[in-house]
Amino acid sequence: MKRSTLYPMLVALVLCTALPVISAARVGEAAPEFTATASNSKTVRLSDYRGKYVVLEWHNNGCPYVRKHYNSGNMQRLQKQWTGRGVVWFTILSSAPGKQGYVIATEENDYLAKMQAAPTAALLDPTGEIGHLYDAKTSPQMVVINPQGVVIYNGAIDDKPTTDLNDVPNATNYVNLALEQAMAGKQVETPATRPYGCSVKYVDSTH
């Protein structure tokens, strides 16, 4: 290979390896810290819940995949079941203004009441900051964080990537499995899956 060809390739390789790699948290890594305003106007900091299991649920009330889990009552059952066992559950709304799923605080509070949902809090993330920290790609997408602040599950809610309510009863629920296994002191057998649903409607960006 001629030097004129090799040199630019070497320069490009050095530049690529020298650039900092910025990535969202992965399973086994520390959950990124965030501060958010909940629909009840309270300020929520993830670090305030160290010592507890935390579930993050990405939400978009216009998405048929989300509606599957709310119209069937599945998501509400999960919220009540696990918050009843001391788990902190945050519903996160990362839709940008003007995009599907964007709501203001009063609209979200009305929705929670109508659906009889029971998260610890619904966090408003219209800038998408929290969503990008966790590389949230779909709604729903689920993340489970252990009491040490480490991500132990990230991915789909279950193994039935459909909008059919009839699929809920026979699905393998990965959130249940992760929490049950971790609380029993066991290794989470399925720590990551491919999330399914509607794409998170982030603020348009050229970055």
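Residues numbered from 1 in each chain as written. Predicted model: local features only at pLDDT ≥ 70, side-chain atom pairs only at ≥ 80, totals over all residues. Heavy atoms only, no water.

What to know about the overall build of the chain
For the record, the criterion: We count a stretch as a helix when DSSP gives it H or I for four or more residues in a row; a strand needs E for two or more, and each element gets its number in order from the N terminus. Each residue gets one of three labels from its accessible area relative to the maximum for its type: buried under 20%, exposed over 50%, partly exposed in between, using a 1.4 Å probe on protein chains only. Any two residues whose heavy atoms approach within 4.5 Å are treated as being in contact.
Helix and strand counts for the chain come out as 6 helices and 9 strands. The buried share of the chain, reckoned over its 207 residues, is 45%. Taking the contacts inside the chain whose residues are at least 6 apart along the sequence as the reference set, 75% of them involve residues at least 24 apart.

Describing the state of the cysteines
To be explicit about the condition: For the purposes of this analysis, a disulfide is any pair of cysteine sulfur atoms at a distance within 2.5 Å.
Scanning all chains against the criterion turns up 1 disulfide. Bridging C63 to C198, the disulfide has an S-S length of 2.2 Å. What sets the handedness of the C63 and C198 disulfide is the S-S torsion sign, and at about 90° it is right-handed. Within this pair, whereas C63 is found in the loop between β3 (54–58) and α2 (64–71), its partner C198 is found in strand β9 (residues 198–199), the two being separated by 135 residues in sequence.

Quick notes on the pairing of strand β1 (residues 35–38)
We count it as follows: At least two DSSP bridges between two strands are needed for those strands to be called paired.
Judged by which residues are buried, β1 turns out to be one-sided: A36 and A38 face inward and are buried, whereas T35 and T37, on the alternate face, are not. Here β1 folds back onto strand β2 (residues 43–45) in antiparallel fashion, the turn holding 4 residues, of which S41 has a positive phi close to 75°. Pairing of β1 with strand β5 (residues 121–124), which is carried by 2 bridges, proceeds in the antiparallel orientation. Across the sheet, residue A38 finds its bridge partner in β5, namely L123.

Concerning the pattern of salt bridges
Put simply, the rule is: By convention in these notes, a salt bridge is any Lys or Arg side-chain nitrogen within 4 Å of a carboxyl oxygen on Asp or Glu.
Under the criterion given, the structure shown has 3 salt bridges. Here E180 and R85 are joined by a salt bridge, their closest N and O atoms 3.3 Å apart. Of this pair, E180 sits in helix α6 (residues 174–183) while R85 is found in the loop between α3 (74–83) and β4 (88–93), placing the two residues 95 residues apart along the sequence. We classify E180 as partly exposed; its relative accessible area is 36%. Owing to a relative accessible area of 44%, R85 belongs among the partly exposed residues under this scheme.

Digging into the confidence of the model for the chain
Which entries qualify depends on this criterion: Residue-level confidence of the predictor, termed pLDDT, takes values from 0 up to 100.
Of all residues in the chain, 86% have pLDDT values of 70 or greater, and the mean over the chain is 89. Note that residues 1–23 has pLDDT below 50 and, in this model, 3 contacts with residues that lie over four places away or in other chains.

Describing the side chain of D158
Threshold: Positive: Lys, Arg. Negative: Asp, Glu. His and the chain ends are not part of the count. The definition of a polar contact used here is a pair of N or O atoms within 3.5 Å, where within protein one atom must be able to donate a hydrogen and the other to accept one, and adjacent residues in sequence count solely through side-chain atom pairs.
When you line up the elements, D158 lands in the loop between β8 (151–155) and α6. Of the side chains with opposite charge, K68 comes closest to the buried, unpaired D158, at an N-O distance of 4.5 Å. Of note is the side chain of D158, whose polar atom sits 3.0 Å from the backbone nitrogen of K160. Among all residues touching D158, those that are not within four sequence positions of it are H69, A171, T172, N173, Y174 and Y196.

Quick notes on unusual backbone geometry
Residue P140 is bonded to the preceding S139 through a cis peptide linkage, with omega at 0°. Within the chain, S41 stands out as a residue other than glycine whose phi angle is a positive 75°. Topologically, S41 is positioned in the loop between β1 and β2. Although it is not a glycine, D135 adopts a positive phi angle of roughly 55°. With respect to the helices and strands, the residue D135 is situated in the loop between α5 (129–133) and β6 (138–139).

Observations regarding the sheet that holds strand β7 (residues 142–145)
Operational definition: The convention used is that axes are lines fitted to C-alpha atoms, helices contributing only their stretch in contact, and that angles between N-to-C directions extend from 0 to 180 degrees.
Across the sheet, which stays open at both edges, the 7 strands sit in the order β2-β1-β5-β4-β3-β7-β8 with mixed pairing between neighbours. Each end of this open sheet is capped by a strand with a single partner; those strands are β2 and β8. Strand-to-strand twist in this sheet, taken as the mean axis angle between neighbours without regard to direction, amounts to 30°.

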